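Descriptive analysis of the structure
Given next are the chains, with one letter for each unit.
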Amino acid sequence: MRLLNAHVVLDREKEILHHGPSANVFEDLDDNIATYAILSHRWEDEVDYDEMAGLIRMNDLCGSEVRQRTGYKKIIKSCEQALLDGYRRIWIDTCCIDRRSSSELSEAINSMYRWYRTSQTCYVYLNDVEDAVFPTRQDFHRFNTTSGWPDWFSRGWTLQELIAPKQVKFFNKNWVSIGDKESLAMILEKITRIPFDVLKEGHIPRRLCTAEIMSWAADRMTTRVEDRAYSLLGLFGVNMPILYGEGEKAFQRLQVEIIQVSGDHSIFAWNPKGQFQQIGSVLASSPSYFRGCSDVEKVDYDQFVDEMMNYRRSGFGIARWLRSSKFACLKSRDRALRSQVAILLVTSVGIQVRLPVVPHRDSESVFRAILACRDYFGNLITVDLKTLGPSSYRIPAAGCLRSRPEFRTLHLARPAAYSDEGQHHFKLDDRHAVYYGFTRRGTFPREFTGDSVTFSSVTNDLVIIAYGNDDSRSRFAVALTHFLGHASVQVVNDQCSADQEVSWAAFAKKAYDLLWVAPDECRVDSGIKCAHLPRSIWDARVVWDTRNTQTNVMIDVEQCPGCCIGPRECTIASNDRNDLDTPGFMKTVHNLRGLKLDGKDVWLCDCSDKRITVSRNTRVNACNDSDSLSWVTMAYIPMAVSNLMATYSRICTHLASTSRTQLITR
């Protein structure tokens, strides 16, 4: 490591004033045998390696500018304190690393925890503390940008700089000593949430879990996003290449490195309070996701088995596991299964682990995995997952679980394993609703204005689209749902009385709240649903068809046939010859209808692509050939037709306004 020679630095400062000769201020020594002090501080206008090494050669103007910086004065004061304490050498990160060399920077970052650990003393400079005593209470007036404590406690790098050194001394803005780590351990525990014994002993016991250590960094920030990960390398005893520019991938790589050396399940226990909406990867996006994990404890395997025997979570339907289950015989088995639970393997399709899981009542691919760690109340921690292909993805909490668990070998998804295959697309066609004056008023809770919306396939999601007609004061809502891997569509009418003034947003939210707690359990790939609109002559209808990762939806409005009985039973759409066709832009279905038009026998083809065609031949040929001369497009109508006979008058109205009317009389 490169160290500053405090004697030479101070002598050179005197020589600069007298324009005398200068010696080299740096020494390269082995940190295992060198005796040195080390500085921990909040960066300001600092002096880098090149400036510190060449200060004697600078002209008066440049040299004077460097020496006036706060960073240079900090170096001088640090050297004076080191000599006062009997140390000839000191390490300061701003000037002892040549950041122009990527290899040197990478080595320094990977070695920094060790360098602080092997130092004889660490000086913590609190540049925003003016009092001669250490602050013992939060003061949002003095420290209004850092949670009421000095700024040093909000920075990512200073976490390891507090824990690693055996001796830590705190100094205020004027370099007056205001305490040390040992005497201030209780107040430091209050500020940092780091346990008292860790601060006193200066090392992290093996009993502490990954989630708890991560929680210490949850509220700390760094200038570069990658440094939130790099500043934690030493705390977990891992090394990895330094790649500035990779962004949040640095923290993902850090978690993979930790998994490979620890086998600690608590690394998956992030987001205990549901503050973050991340889905997909089982790895957290940043240390902030571990906020609230300071009380998480890891459980060894024997304890884990005992915990599982008595595990209850009645709120989610997990009943007590009887000793007659397969888990009761674990202790009498060989050690193979025990070791499998403790082993985490990083593979190309995810992180392989064998865990007890409780499947969802309605879906084998959705389940709750139980981890070998527990929360403050002593409950085993669980995460909800959904399997897509070879990998299992993290999802929000899913209810309706079975009571009996089972062991599964899982491949927990990493960010690299997540792709567009984990998405489901809804494509909308609501042009037919506009024909009768019904327009889209808005969407809830997600906003979108186009004709498509994309959901994640690894979670449950719901979007409400509200439609209204001001003239008839009628409205309805269409719900697009993705629940347990299945797409469905629903239509909801407005049950408000005529004298109630309810905004479309309130109506949409009410529909959302109703359907979220009672999701549609109709598991058909295509269908038709209708709902009568009260106090009107209208029926709202939705028709959908799902193919792989896309659902096509047509939204229609028809005049009420006179039933006025509210929502009707779902009709499954098919391509059978005598069944209802699927309208809109879905698969075309041709049902033939015979009619007499002006005394002529003709065949009309009821098409699902918004056309009506007629054959001039007495023998009906292949109706699927729309380009055949035997079939001529009679009209384009603004709605799909399921019963051509019932809409004959409407057809004739449109035929009369087209240039092809003469075909009827031929």
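All figures in this text were calculated on a predicted structure; none of them were measured in a lab.

The next thing to look at is the overall build of the protein chain. When helices and strands are tallied, the protein chain shows 19 helices and 27 strands. Split into buried and exposed, the 666 residues of the protein chain put 54% on the buried side.

Between Phe 444 and the following residue, Pro 445, the backbone shows a cis peptide bond with an omega angle of -5 degrees. Among the secondary structure elements, Pro 445 is positioned in the loop between strand S16 (439-444) and strand S17 (452-456). Phi at Ser 147 takes a positive value of approximately 60 degrees, unusual for a residue other than glycine. With respect to the helices and strands, Ser 147 occurs in the loop between strand S5 (121-125) and helix H7 (158-163). Positive phi outside glycine occurs at Asn 548, with the angle close to 60 degrees.

Here the focus is the pattern of salt bridges. Where charged atoms from two side chains of opposite charge come close, those side chains can pair. Evaluated as defined, the whole model comprises 36 salt bridges. We note a salt bridge from Arg 69 to Glu 65, for which the minimum N-O separation is 3.0 Å.

Turning to the sheet that holds S16, a few remarks are in order. Ordered in space as S16-S18-S19-S20, the four strands form an open sheet in which the pairing is antiparallel. Here the strands that pair on one side only, and so sit at the sheet edges, are S16 and strand S20 (486-493). Here the strands of the sheet are splayed against their neighbours by 20 degrees on average, with no regard to which way each runs.

As for its placement among the helices and strands, Glu 226 is situated in the loop between helix H10 (210-216) and helix H11 (227-230). On the basis of relative accessibility, which here comes to 4%, the residue Glu 226 falls in the buried class. Within the structure, Glu 226 has its side chain in polar contact with the backbone nitrogen of Glu 246 (distance 3.3 Å). The residues contacting Glu 226, other than those within four sequence positions of it, are Leu 243, Tyr 244, Gly 245, Glu 246, Gly 247 and Ala 250.

What follows covers the side chain of Ser 78. Checked against the element boundaries, Ser 78 lands in helix H4 (residues 70-84). Setting aside its immediate chain neighbours within four residues, Ser 78 contacts Leu 39, Ile 90, Ile 92, Tyr 123 and Trp 175.

Time to look at the pairing of strand S1 (residues 2-5). Both faces of S1 are covered, namely the face carrying Arg 2 and Leu 4 and the face carrying Leu 3 and Asn 5. Pairing of S1 with strand S2 (residues 26-28) involves three bridges; the strand directions are antiparallel. The partner of Leu 4 across the bridge, within S2, is Phe 26. Here S1 pairs with strand S4 (residues 89-91) via two bridges, running antiparallel. Considered in S4, the bridge of Leu 4 is made with Ile 90.

Across a regular strand the side chains alternate sides, sitting on one face of the sheet and then on the other. Here S5 pairs with strand S6 (residues 168-171) via four bridges, running parallel. For Cys 122, the partnering residue across the bridge sits in S6 and is Val 168. The parallel pair S5 and S6, bridged by H7, forms a crossover whose chirality is right-handed. One ladder, built from three bridges, connects S6 with strand S7 (residues 177-180); its direction is antiparallel. Looking at S7, one finds that Phe 170 is bridged to Gly 179.

Time to look at the packing of aromatic side chains. Aromatic rings considered in pairs are described by the distance between their centres and by the relative angle of their planes. Enumeration according to the criterion identifies 18 aromatic pairs in this entry. A centroid spacing of 5.4 Å and a plane angle of 65 degrees characterise the contact between Trp 91 and Trp 115, whose relative ring orientation is edge-to-face. Of this pair, Trp 91 sits in strand S4 while Trp 115 sits in helix H6 (residues 102-118), and the two are 24 residues apart along the sequence. Per residue, the accessibility class of Trp 91 equals that of Trp 115, and both read buried. Ring geometry for Phe 444 versus Tyr 512: centroids 5.4 Å apart, planes at 85 degrees, classification edge-to-face. In this pair, Phe 444 sits in strand S16 while Tyr 512 sits in helix H17 (residues 504-517), placing the two residues 68 residues apart along the sequence. Residue Phe 444 is classed as partly exposed on the basis of its relative accessible area of 23%. Here the aromatic cluster, defined as three or more aromatic residues joined through ring pairs, consists of Tyr 123, Tyr 125, Phe 171 and Trp 175. The ring of Tyr 49 has Arg 2 lying over it, and the distance from NZ or CZ to the ring centre is 4.5 Å. When the ring centre of Phe 367 is taken as origin, the NZ or CZ atom of Arg 408, which lies over that ring, is 4.8 Å away.

Rules and cut-offs
Position labels on residues start from 1 in each chain and follow its written sequence. Owing to the predicted nature of the model, reporting of local features is limited to residues with pLDDT of at least 70; listing and counting of side-chain atom pairs is limited to 80 or more, with chain, interface and lining totals taken over all residues. Side-chain figures throughout are based on the complete set of non-hydrogen atoms in the structure, without hydrogens or water. A run of H or I in DSSP counts as a helix once it spans at least four residues, and a run of E counts as a strand once it spans at least two, with each numbered from the N terminus. Any residue under 20% of the maximum accessible area for its type is buried, any over 50% is exposed, and the rest in between are partly exposed; the area is computed with a 1.4 Å probe on protein chains only. The salt bridge definition used is simple: a Lys or Arg side-chain nitrogen within 4 Å of an Asp or Glu carboxyl oxygen. A pair of strands is treated as paired once DSSP finds two or more bridges between them. Between the N-to-C directions of two axes lies an angle of 0 to 180 degrees, each axis being a line fitted to C-alpha atoms and, for a helix, fitted only over the stretch in contact. Contacts described as polar in this section are N or O atom pairs within 3.5 Å, which, within protein, must combine one atom able to donate a hydrogen with one able to accept it, while residues neighboring in sequence count only if both atoms come from side chains. Any pair of residues with heavy atoms lying within 4.5 Å of one another is described as a contacting pair. Looking down the strands as they point away from you, a crossover is right-handed if its path from the first strand over the helix to the second goes clockwise. When the centres of two rings from Phe, Tyr and Trp lie within 6.5 Å, Trp using its six-membered ring, the rings pair. Their planes under 30 degrees apart give stacked, over 60 give edge-to-face, and anything left gives tilted. To sit over a ring, a charge needs its Lys NZ or Arg CZ within 6 Å of the ring centre and within 35 degrees of the ring normal.

What is shown is where atoms sit, not what they do.
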